[in-house]
Each structure stands twice: as C-alpha cells, then as structure tokens.
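Structural characterization, general
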Amino acid sequence: TWLYGGAPANIYATIVQGRPNGMPSFGGRLTDDDVWKLVAYVRSMTGQPSKAVRPGRNDDMQAKKSEQRELRAPVEDASPPADGTRQP
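Described in the following lines is the structure provided in the data block.

The rules behind each value
- Residues numbered from 1 in each chain as written.
- Predicted model: local features only at pLDDT ≥ 70, side-chain atom pairs only at ≥ 80, totals over all residues.
- Heavy atoms only, no water.
- Helix = DSSP H or I, 4+ residues; strand = E, 2+ residues; numbered from the N terminus.
- Contact = heavy atoms within 4.5 Å.
- Salt bridge = Lys/Arg side-chain N within 4 Å of Asp/Glu carboxyl O.
- Expected span 1.5 Å × (residues − 1).
- Buried < 20%, exposed > 50% of the residue type's maximum accessible area, 1.4 Å probe, protein only.
- Arc of directions from axis to C-beta.

**Thoughts on the environment of Phe 26**
Here Phe 26 lies in the loop between helix H1 (8-17) and helix H2 (32-45). A C-alpha to C-alpha distance of 5.8 Å links Phe 26 and Ile 15, two positions eleven residues apart in sequence. If we ignore the near neighbours within four places in the chain, the residues touching Phe 26 are Ile 15 and Val 16.

Next comes the structure, spelled out in structure tokens:
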C-alpha cells in the first residue's frame, strides 16, 4: 500500500522532500539522476513493472506460442557408441 502514491513522481517527491514521522529529505544530498535511479529501484521492488516494460498483450492472445512456453524434445546424443558400431 502506497501512503503517498506509487507513481514515479510521487516516489521522487518522497525521496527529495521526505515525509513526516520517519522519512528524511534527501533532496540536498543526492543528484537528480541518483534520485531517479532510486525511484526505478523502489518501483522494481513492488513487482509492478511500468507500462513501458510490460508487453502489450499476454502470451495467450498471441497467434504463436512464446518460445519460452513451448516444450522442447530432449536432444539425443550424437556421439558414436563406445564400441565403435554405427546405428542407423
């Protein structure tokens, strides 16, 4: 649950301005770039990726199954038998 908002702009404001009862202000101690890196890190911990990195459709709607979801047949050993005989 986000008390002050989970949008990147809200997280940025929390880091820069601080919040009452426990969150100090880091605005004068961190560069703007470092604050945005922290925003990205905090967002990554929520398990909620931003819309920019989410796929537009889920794999069930794709015409072809995702290669990661396909079961692959085991690879047969192509080396010759130890006794030197050849199999067809």
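Next comes the rest of the description.
**Digging into the pattern of salt bridges**
Where charged atoms from two side chains of opposite charge approach closely, those side chains can pair. As enumerated under the stated definition, the model contains one salt bridge in all. Linking Asp 33 and Lys 37 is a salt bridge whose minimum nitrogen-to-oxygen distance equals 3.4 Å. On the criterion of helical spacing, the pair formed by Asp 33 and Lys 37 is a turn pair, its members being four residues apart in helix H2.

**What to know about H2**
The terminal C-alpha atoms of H2, which comprises 14 residues, lie 20 Å apart, in line with the 20 Å expected from a rise of 1.5 Å per residue. Of all the positions in H2, only Val 35, Val 39 and Arg 43 are classed as buried. End-on, the buried residues of H2 take up no more than an arc of 80°, which puts them together on one face. Exposed residues lying more than 90 degrees from the buried face of H2 are Lys 37, Ser 44 and Met 45.

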